[in-house]
Protein chains: 2
Amino acid sequence: MPDAQTKSTIQVIDRMMSLIDALVRHPGPANLKQLAVETGLHPSTAHRILAVMVDNRLVDRIEPGTYRLGIRLLELGNLVRFRLNVRQEALPFMQRLHEALHETVNLSVRQGDEVVYVERVDSSAHMMRVVQTVGTRAPLHATAVGKVFLAEDGADAANAYAQRAGLNRLTEHTLADIAVLGSELGQVRLQGYAMDREEAEKGVSCIGAGIRDDDGRLVAGLSVSAPSDRLDPAWAARVRETAEQISRAMGYVPRA
Amino acid sequence: MPDAQTKSTIQVIDRMMSLIDALVRHPGPANLKQLAVETGLHPSTAHRILAVMVDNRLVDRIEPGTYRLGIRLLELGNLVRFRLNVRQEALPFMQRLHEALHETVNLSVRQGDEVVYVERVDSSAHMMRVVQTVGTRAPLHATAVGKVFLAEDGADAANAYAQRAGLNRLTEHTLADIAVLGSELGQVRLQGYAMDREEAEKGVSCIGAGIRDDDGRLVAGLSVSAPSDRLDPAWAARVRETAEQISRAMGYVPRA
DNA sequence: GGGATCGTTTCATAATATAAAATCGGCCCG
DNA sequence: CGGGCCGATTTTATATTATGAAACGATCCC
């Protein structure tokens, strides 16, 4: 709700939105009197605004005097979802994170037993270039974001992955023991991010967090990678927070 | 867009909706000038209304002067979807269909290899009572709605079903041959409804059509059943049309 | 540097939304 | 069956707001 002092307003639109917000708060249908009281509007004013919203299908009048959110909102919402693109939504946030930390910022998605890098922001002026490019793949267990995906699935699915894909070593630090990996994934669930400590590439470490869509599904991962001597574990909070901001831009609404 | 003569209007809400409709028509972001021209609004008026919608997150301003539909619409749309219930949405339509045809109207959903009846509208005053009650199940191949679901899946899935569940006869008319069933399902795909000609129960016939959700998924089926001598194949159009109306009430938007 | 174009802001006033009052509809009770 | 009560709906005078012409700002191009 815009603040009357700081934002432009059109009173009748603000009133309309306050009626919509009141309907949001009601799990079931709401009647006119309730809506007028909750919004502080005169009942005849509330009635007029609701009638116009009914005409526009933003609100549905189930029976005289009883209202609920209308089907046009679902139609419009699906258009928004259809047009959203995690890569496009993520890019401005990745750029900001890169400017804050001066390290490579990646976006990856899961494809079967691998993560695939779909976007990357870095500065080619860096002395020691991190060799990860868009389109490359890596096994789930050896990457930060991969471990975020495995943590999401639960212990049984992680065990199945281990049996199916094998916990192959890419470096001497790769987690190749299922008990060790399981314990690590438990940690990931608790802290909401994962770390890759030279597990995918010698000398390179990484912090990753998950990105969710409007249904709460884990659809992508955000990660920051750097040479191990430069990576600061304190960046984990920034990575997790940025991943959450991207999630919100995708329509994710955190639940209690 | 409400007609100015017949519906209540609030000018600024109608103007706001015309801006939203213009943004709907633009697959990508639209600029202020375009939006003003398309809606017939003065640019400063369009600017003011868009600014208020940006504050309310109905619209997103990507960069100065460039707009797209906002994330609040996705949030509201998901609330609508979350609250929708096919049974509840279908009931008024089922009642109307029952009043028109004076026969039993059923709502069923698929569970694995069976359909389950979840709602029914009939008149217990009828002489010959159709013995189908809410909660009962029937195999897919022997019911009208079941055949609608099988038709949706494609020939391979239908063959797999036949092998897995078996095409058991419930009456002498049950389609027990996979070639005959396959041909029937092809017909169902073409005509958009299915018929059960005493395949589930001797003396009882049925016409069924599919109900889709806002994602286009087949989520339920509507059917009319009657003693065979009373069932009129011309009712198929009514059944299909009513199933489509329920689909729309669920947020389904037909595509070209 | 100037012109063109689009976006944004200002403010006088034309136009509209508001809400008080009246009316309607439904329900309950005696 | 009639009256009372309450919520919903409609009417309409006018208080208040949304409008758009004009001015200003930003950017681009010649």
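Residues numbered from 1 in each chain as written. Chains lettered and ligands numbered in written order. Predicted model: local features only at pLDDT ≥ 70, side-chain atom pairs only at ≥ 80, totals over all residues. Heavy atoms only, no water.

### Section: the protein's contact with DNA strand C
Among the 18 residues in the neighbourhood of DNA strand C, the closest are listed as A:Arg15, A:Ser44, A:Thr45, B:Gln11 and B:His47. Near-protein atoms of DNA strand C (within 4 Å) split between backbone and bases, with sugar and phosphate holding 76%. At 2.6 Å, a backbone N or O of B:Gln11 approaches a phosphate oxygen of DNA strand C. Between a phosphate oxygen of DNA strand C and a side-chain N or O atom of B:Tyr67, the distance comes to 3.4 Å. The element that contributes the greatest number of residues to the surface near DNA strand C is helix H3 (residues 43-55) of chain A, accounting for three residues. When its residues are assigned to classes, the surface near DNA strand C shows five nonpolar, nine polar and four charged. (Near = heavy atom within 4 Å. Polar contact = N/O pair within 3.5 Å; in protein donor to acceptor, adjacent residues only side chain to side chain. Helix = DSSP H or I, 4+ residues; strand = E, 2+ residues; numbered from the N terminus. Nonpolar A, V, L, I, M, F, W, Y, C, P; charged D, E, K, R; others polar.)

### Observations concerning the relation of the copies chain B and chain A
Of the two same-sequence chains, chain B is brought onto chain A (RMSD 0.1 Å, axial shift 0.0 Å) by a rotation of 180°. Here the copies are linked by what is in effect a two-fold axis. Taking C-alpha positions as reference, the residue of chain B nearest the rotation axis is B:Gly77, located at 2.2 Å. Same-surface contact between copies: 100% of interface residues of chain B are shared with the interface of chain A. (Least-squares fit on C-alpha atoms with pLDDT ≥ 70 in both. Contact = heavy atoms within 4.5 Å.)

### Here's the deal with the domain arrangement of chain A
Assigned domains of chain A: these are domain 1 (11-80) and domain 2 (85-249). Placing a centre on the C-alpha atoms of domain 1 of chain A and another on those of domain 2 of chain A gives a separation of 43 Å. (Domains from an automatic or database assignment.)

### Examining helix H1 (residues 11-25) of chain A
For H1(A), built from 15 residues, the straight-helix expectation of 21 Å at 1.5 Å per residue is met to within 8% by its first-to-last C-alpha distance of 21 Å. Buried within H1(A) we find A:Val12, A:Ile13, A:Asp14, A:Met16, A:Met17, A:Ser18, A:Leu19, A:Ile20, A:Ala22 and A:Leu23. (Expected span 1.5 Å × (residues − 1). Buried < 20%, exposed > 50% of the residue type's maximum accessible area, 1.4 Å probe, protein only.)

### Notes on the packing of aromatic side chains
Inspection of the entire model under this criterion finds zero aromatic pairs over all chains. Seen from the ring of A:Phe93, A:Arg96 lies directly overhead, with NZ or CZ sitting 5.2 Å from the centre. (Phe/Tyr/Trp six-rings, centres within 6.5 Å; stacked < 30°, edge-to-face > 60°. Lys NZ or Arg CZ within 6 Å of the ring centre and 35° of its normal.)

### A closer look at the interface of chain B and chain A
In this assembly, 47 residues from chain B lie in contact with 47 residues from chain A. Roughly 4,000 Å² is buried in total at the junction of chain B and chain A, and carbon and sulfur atoms are behind 62% of that figure. Seen at the junction of chain B and chain A, the total is four salt bridges. Here A:Asp21 makes a salt bridge to B:Arg72, at a shortest N to O gap of 3.1 Å. Counting every contact that joins chain B to chain A gives 16 residue pairs in polar contact (both at pLDDT 80 or more). Of all the elements in the fold, those that place two or more residues in the side of chain B that touches chain A are helix H1 (11-25), helix H3 (43-55), strand E3 (66-69), helix H4 (71-83) and helix H9 (235-249) of chain B. Grouping the constituent residues of the side of chain B that touches chain A by class yields 25 nonpolar, eight polar and 14 charged. (Buried area = accessible area lost by both parts, 1.4 Å probe. Salt bridge = Lys/Arg side-chain N within 4 Å of Asp/Glu carboxyl O.)

### Concerning the protein's contact with DNA strand D
Around DNA strand D lies a shell of 19 residues, among which A:Gln11, A:Lys33, A:His47, B:Arg15 and B:Thr45 are the nearest. Near-protein atoms of DNA strand D (within 4 Å) split between backbone and bases, with sugar and phosphate holding 77%. Between DNA strand D and the protein, one listed contact pairs a phosphate oxygen with a backbone N or O atom of A:Leu32 at 3.2 Å. Of all the elements in the fold, those that place two or more residues in the surface near DNA strand D are H1, helix H2 (32-39) and H3 of chain A together with H1 and H3 of chain B. Here the residues of the surface near DNA strand D sort into six nonpolar, nine polar and four charged.

### Structural notes on the environment of B:Asn106
All names here are of chain B. Along the chain, asparagine 106 falls in strand E4 (residues 104-111). For asparagine 106, a relative accessible area of 0% puts it in the buried group. For the pair asparagine 106 and leucine 84, spaced 22 residues apart in sequence, the C-alpha separation works out to 19 Å.

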